[in-house]
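Residues per chain are reported as follows:
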Amino acid sequence: MLRDYQVKLLKMMLDAVRSGQNVFLNSPTGSGKTIMALNLAKRMIEEGIARKILYFVRTHNEYLPILRDVKKFNLDLKVIGLIGKSRLCDNPLKWLLEELEGRVDICKACPKRGMYYPVNYDELIKAESLYKYLKTIPKDYCKYYTLVKAIQESDLVLATYPYLVGYPRKLIDNIAEFDFMIIDEAHNLDKLNEFMSVTLSLRDLEILKNNGYSVDDYIEFHKSRYDARKDIMFIDKSEFRSHVNLFDQELLELYEDALDGKLDGKVDLAKAVIRLFRFVEHLDYGYLELFLTKRSFKLLIVDVGSLISQSITMQSLLMSGTLPPEDYINKIWGLEGKYIDAEKMFNLFQANRKYLYDPTVNFNYKFRDKYIPVAKRNLRILLRSLPKLVLVVFPSYDVIEQFRDIANEFGALVETEKTKLEDVISQVMNGKQIIFAVAGGKLIEGIEIVKDNQSMIKSIVLVGVPYPVPNDYTKKVAERIAMKLGTINVFHYAVHVPALIQIKQAVGRGIRFPHDKNIIVLMDQRFRFFFNDLNIKEIYKIKY
């Protein structure tokens, strides 16, 4: 049974879809976006607006809850998820599928080619994951072709973000014909460039060199150009080409041997030469810029908006609890459609949050060192008084390390780049009461800590505004925005909106059910520029 506001939102979305528009739904976590999207899909298929729908989510873990909701609410939709062939294949050469993006057909001589087994959806739900279920089908049948057949017979196909772009997108378009897309957590579209990046690591080059192949030009160029003070460094492609001999005859012959599967027992060497040639090939692509990191060469897209507009090739529903503003979607992503802000329209969950503001600190790079002692003093006071569980959110891993002493003092769990969500949940269930997390990190993007149908997170402290890190990459992004929209718009679109999305993500972590309540502390003078964007009606200035 849909709630009253969900019924109204569903009608608005259906009206927009019937008129041929895209729909952009901004609705907070806990408002029922998934069930509204599934009801929209059902109505569209019933009315003949769509025949087959693609539903994009962040991870494979999100497949099963959707399958369960379809069954729970009797939506009468045939739903299946997509898993990559390389993960399902039993062929020892399956690694070639990932490295070569389908240029090699390792299925050609396989006796199980085209052999599929009917999917039992009840058993799939019981298995708790699509991958675990597919492992249970009889050995005479191909897991991948079983999946392909199920996709062709389904109404709704679940896929992860990499299938929005590049070779994975071509693969899914070749399996079946789709005429509508649903994109969940659509604020992540700004990260699509990660799936189109090309990396050549120093480790791969060292493997080639240790096997007697000539790659010294690459290694010496990196050594002479990389500035260790920078996390990422822009390099003009013409400068790179003028100093590096890209490959010689011996490397070319090694590459051909790798393609032919002749490097049996030398998988690392085969992968290294394939990655080298993939990097060389993509150097010619004008939409990719060259950067150096500490241990690699990287080709990255800086005009992510163009990539997004090229990937949204059919009518779509984009939804998120932290969707960018309408003007950002129009001007940066290049998309038009019906923008529905459910949070403001129905004032969803605003009464569930009490906002506190600490203007006594400023984490601007110029002043940060001056204000760190003040922030530590204030944070100590807050951690002693706020309701637990407390989630403390910092702008970066560098800043979180400056508060490591506070974490140790209060026994806080500190997020690192290796932190696993399941470990965090386990520690909280065992009594951990304070978490130090990073804006844009794994925890803020995806953690849900719930018990007895309520969120365990009671307080959220944002220590500093999570503006994008100023580096060569973000500088290039800003330059591209200036070229398209003029310099007057750069700060808003390249700095303010990305920070707003991360703030809204952090603020939204504590509300999982309509009855959840949170205290939100904004610790930085610059948060005042976001009060209106956050739809804050009332805020209390902290007096320590």
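Here the structure is a predicted model, which means the values were calculated and not measured. (Residues numbered from 1 in each chain as written. Predicted model: local features only at pLDDT ≥ 70, side-chain atom pairs only at ≥ 80, totals over all residues. Heavy atoms only, no water.)

**Considerations on the overall build of the protein chain**
Here comes step 1: Of regular secondary structure, the protein chain possesses 25 helices and 18 strands.
Here comes step 2: The C-alpha radius of gyration computed for the protein chain amounts to 25 Å, which stays within 12% of the reference 24 Å derived for 544 residues, consistent with globular compactness.
Here comes step 3: Counting only C-alpha atoms and orienting by the principal axes, one finds that the protein chain spans roughly 70 × 60 × 50 Å.
Here comes step 4: By sequence separation, contacts in the protein chain at least 24 residues apart represent 78% of the contacts at least 6 residues apart.
Here comes step 5: A total of about 25,200 Å² of accessible surface is found on the protein chain, and carbon and sulfur atoms cover 49% of it. (Helix = DSSP H or I, 4+ residues; strand = E, 2+ residues; numbered from the N terminus. Rg over C-alpha atoms; globule rule 2.2 N^0.38 Å. Contact = heavy atoms within 4.5 Å. Areas by Shrake-Rupley, 256 points an atom, 1.4 Å probe, with all protein chains shown as cover.)

**Remarks on helix 1 (residues 4-18)**
Here comes step 1: Taking 1.5 Å of rise per residue, 15 residues should cover 21 Å, and helix 1 covers 21 Å from first to last C-alpha, within 8% of that figure.
Here comes step 2: Taken together, the buried positions of helix 1 are Tyr5, Gln6, Leu9, Leu10, Met13, Leu14, Ala16 and Val17.
Here comes step 3: A positive backbone phi angle near 85° is found at glycine 20, which sits one or two residues after helix 1. (Expected span 1.5 Å × (residues − 1). Buried < 20%, exposed > 50% of the residue type's maximum accessible area, 1.4 Å probe, protein only.)

**Some remarks on unusual backbone geometry**
Here comes step 1: For the peptide bond that leads from lysine 388 to leucine 389, omega is 15°, which places it in the cis range.
Here comes step 2: Within the fold, leucine 389 resides in the loop between helix 19 (368-385) and strand 13 (390-394).
Here comes step 3: Unusually for a residue other than glycine, glutamate 185 sits at a positive phi of about 50°.
Here comes step 4: By the secondary structure assignment, glutamate 185 is in the loop between strand 5 (180-183) and helix 10 (193-196).
Here comes step 5: Look at aspartate 452: it is not a glycine, yet its phi comes out positive at around 55°.

**Some thoughts on the pairing of strand 8 (residues 288-293)**
Here comes step 1: With six of its six residues buried, strand 8 lies for the most part within the structure.
Here comes step 2: Both faces of strand 8 are covered, namely the face carrying Leu288, Leu290 and Leu292 and the face carrying Glu289, Phe291 and Thr293.
Here comes step 3: With three bridges joining them, strand 7 (residues 233-235) and strand 8 adopt antiparallel strand pairing. Residue pairing for strand 8: methionine 233 is matched across the bridge by leucine 292.
Here comes step 4: Pairing of strand 8 with strand 9 (residues 296-301) involves six bridges; the strand directions are antiparallel. Each bridged residue has a counterpart across the sheet, and for phenylalanine 291 the counterpart in strand 9 is lysine 298.
Here comes step 5: The hairpin turn running from strand 8 into strand 9, its antiparallel successor, is two residues long. (Pairing = 2+ DSSP bridges.)

**Regarding the environment of tyrosine 161**
Here comes step 1: In this structure, tyrosine 161 sits in the loop between strand 4 (156-160) and helix 9 (166-175).
Here comes step 2: Among the residues examined, tyrosine 161 registers a relative accessible area of 3% and is labelled buried.
Here comes step 3: Sequence separation between tyrosine 161 and phenylalanine 56 is 105 residues, and the spatial gap between their C-alpha atoms is 6.1 Å.
Here comes step 4: Other than its neighbours up to four places away in sequence, tyrosine 161 contacts Val57, Arg58, Ile183, Asp184, Glu185, Ala186, Asn188, Leu189, Leu192 and Phe195.
Here comes step 5: Within the local environment of tyrosine 161, its side chain forms a polar contact with the backbone oxygen of aspartate 184, the two atoms lying 2.5 Å apart. (Polar contact = N/O pair within 3.5 Å; in protein donor to acceptor, adjacent residues only side chain to side chain.)

**Here we look at the pattern of salt bridges**
Here comes step 1: Applying the stated criterion across every chain, the model contains 31 salt bridges.
Here comes step 2: Where arginine 225 meets glutamate 239, a salt bridge forms, and the shortest distance between an N and an O atom there is 2.6 Å. Taken as a pair, arginine 225 in helix 12 (residues 216-225) and glutamate 239 in helix 13 (residues 237-243) lie far apart in primary sequence, 14 residues in all.
Here comes step 3: A relative accessible area of 26% means that glutamate 239 is categorised as partly exposed.
Here comes step 4: Here glutamate 343 and arginine 353 are joined by a salt bridge, their closest N and O atoms 4.0 Å apart. Of this pair, glutamate 343 sits in helix 18 (residues 342-346) while arginine 353 sits in strand 12 (residues 353-358), placing them 10 residues apart in sequence.
Here comes step 5: What makes glutamate 343 buried here is its relative accessible area of 10%. (Salt bridge = Lys/Arg side-chain N within 4 Å of Asp/Glu carboxyl O.)

**Re the nonpolar core**
Here comes step 1: If you look at the biggest cluster of nonpolar residues, it comprises 137 residues, and the most contacted ones within it are Tyr218, Phe240 and Phe297.
Here comes step 2: Top contributing element to this core by residue count: helix 15 (residues 267-282), with nine residues.
Here comes step 3: For phenylalanine 240, the contacting residues outside a window of four places in its chain are Tyr218, Phe221, Ile235, Leu246, Phe279, Leu283, Leu290 and Phe297.
Here comes step 4: Counting 32 residues, the second largest nonpolar core, distinct from the first, contains Val393, Ala439, Leu443 and Ile503. (Core = buried A, V, L, I, M, F, W, Y, C linked by side-chain atoms within 4.5 Å.)

**Structural notes on the pairing of strand 13**
Here comes step 1: When you tally the buried positions in strand 13, you get five out of five residues, the bulk of the element.
Here comes step 2: Across the two faces of strand 13 the burial is the same, with Val390, Val392 and Phe394 and Leu391 and Val393 all buried.
Here comes step 3: Pairing between strand 13 and strand 15 (residues 434-438): five bridges, direction parallel. In the sheet register, phenylalanine 394 faces strand 15, and the bridge partner there is valine 438.
Here comes step 4: Summarising the sheet, strand 13 and strand 16 (residues 459-463) pair through four bridges and their orientation is parallel. The partner of leucine 391 across the bridge, within strand 16, is isoleucine 460.

Functional significance is not addressed by these values, which are geometric in nature.
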